[in-house]
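The chain contents come next:
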Amino acid sequence: MEERIERLVKWARGEKASPYTLELNLTKKCNLRCRMCWLRGNQSNGEEMGDEDVKRVIREALDLGVREVRIPGSGEPFMRKKLLLEVMEMVKERKAKGLVITNGTLIEDEDARRIVEMGWDILTISIDGPREEVHDSIRGVRGAFRRTMEAIKRINEWKKKMGKEKPVLRMNVILAKDNLSMLKDMLKLGKRLGFSEVLFQPITIFSDEGRKMHVEGEILEKVLKEVEIEARKLGVETNVQRLIEERGFDYSEIRRLIFESLKGKEGFLKTLCFEPWYNMVISPEGFAGPCAVFGRSEINVRDHSLREIWFNLFEEYREKLKNGKFLEFCKNCCVPIFLENQRIRRELEARLNV
């Protein structure tokens, strides 16, 4: 957070700074068939970037000054395992911070060894049930739970053999009707397996199946309060308190809330969203945007260098947001992004002595 704020302060004072974060989506392919997955409502026939394009992007990003590379689960990153591990090693050779989100089912023993040996920072593993039948039902493939558990065991064994603390393990758990009564068991599972955090994620509805699994707000809030009490008892770090706070926001009112939060602000502090000043997101097809919800754009890394994209082509995004105009994809904004912008604004206000 500290370095990211420092870069934003430069922008606020009329200077330019490099992106702090690169979010690189390697693939939309996946070996599971998760019932709630966004891919069920968003199929793309676009050609994914080739290996050399991806590696060039990583080199350019690190040369540009990116300090954190995130490889999220737009699809399953380990579907392109050879490339993924090479990219991870490139990131760590340059001493940048790295995060990968995975379902864990494709991590073999040699992969686990390399991940631990390179000193990868954070491995976020998706687990949606404390037992095989629950997890496999949600993930749509029999045996998924067993393979994920085997991968976690391999990672932990290699960490022990090498005497290393990394990668830090985080657990992602969706909040669905199927597992709502088992969330306390997920905390216990996370503690037993050595996870540093158990993070719960409400379902975003992309399909009829996702709609069937969705949990209503009032029911969810009641359950989360019970989970928070259990987490404190167990000493397990979670995002439950933040989720409870978010339940107080109406997602349909995001735009109104943003404008209300800007009352009395001037200059850079009146910017609608700060993401285009510190973050670059790249889709598997090479499209570049400043936010995970940007979808497609006219900007592609196959046609432009990251330097040109960041310092020139992203200026259109920045000018609109500085002038109080939402971008097309801002209609898909969510409460976590809004809250993160509020936190950044407070930090900037303090630094700029406004």
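Going by the structure above, here's the rest.
Residues numbered from 1 in each chain as written. Predicted model: local features only at pLDDT ≥ 70, side-chain atom pairs only at ≥ 80, totals over all residues. Heavy atoms only, no water.

Trainee: Now, about the packing of aromatic side chains: what can you tell me, with residues and values included?
Mentor: Inspection of every chain in the model, using the stated rule, returns seven aromatic pairs. Measuring from centroid to centroid gives 5.4 Å for Phe-259 and Phe-326, while their planes differ by 85 degrees, and the two rings are edge-to-face. Residue Phe-259 is located in helix α11 (residues 254-261), and its partner Phe-326 is located in the loop between α13 (315-322) and α14 (335-351); the two are separated by 67 residues in the primary sequence. With a relative accessible area of 41%, Phe-259 lands in the partly exposed category. We classify Phe-326 as buried; its relative accessible area is 19%. Relative to Tyr-317, the ring of Phe-314 lies with its centre 5.2 Å away and its plane at 65 degrees, an arrangement referred to as edge-to-face. For Phe-314, a relative accessible area of 0% translates into the label buried. Assessed through its relative accessible area of 12%, Tyr-317 is described here as buried. The rings of Phe-294, Trp-310, Phe-314, Tyr-317 and Phe-329 are connected pair by pair, giving a single aromatic cluster. (Phe/Tyr/Trp six-rings, centres within 6.5 Å; stacked < 30°, edge-to-face > 60°. Helix = DSSP H or I, 4+ residues; strand = E, 2+ residues; numbered from the N terminus. Buried < 20%, exposed > 50% of the residue type's maximum accessible area, 1.4 Å probe, protein only.)

Trainee: Can you lay out the sheet that holds strand β9 (residues 288-289) for me, pointing to particular residues and giving the numbers?
Mentor: Pairing is mixed across the open sheet formed by nine strands, whose spatial order is β7-β6-β5-β4-β3-β2-β1-β8-β9. The two strands at the open ends of the sheet, each matched to only one other strand, are β7 (237-238) and β9. With four bridges connecting them, strand β1 (residues 21-24) and strand β8 (residues 279-282) associate as parallel partners. Paired with Leu-22 across the strands is Met-280, a residue of β8. (Pairing = 2+ DSSP bridges.)

Trainee: I'd love a proper account of helix α3 (residues 81-93), names of residues and values included.
Mentor: For α3, with 13 residues, the first-to-last C-alpha span of 18 Å sits near the 18 Å given by 1.5 Å per residue. If you check which residues of α3 are buried, you get Leu-83, Leu-84, Leu-85, Val-87, Met-88, Met-90, Val-91 and Lys-92. Following α3 by one or two positions, Lys-95 has its phi on the positive side, about 60 degrees. (Expected span 1.5 Å × (residues − 1).)

Honestly, it's all geometry; don't read function into it.
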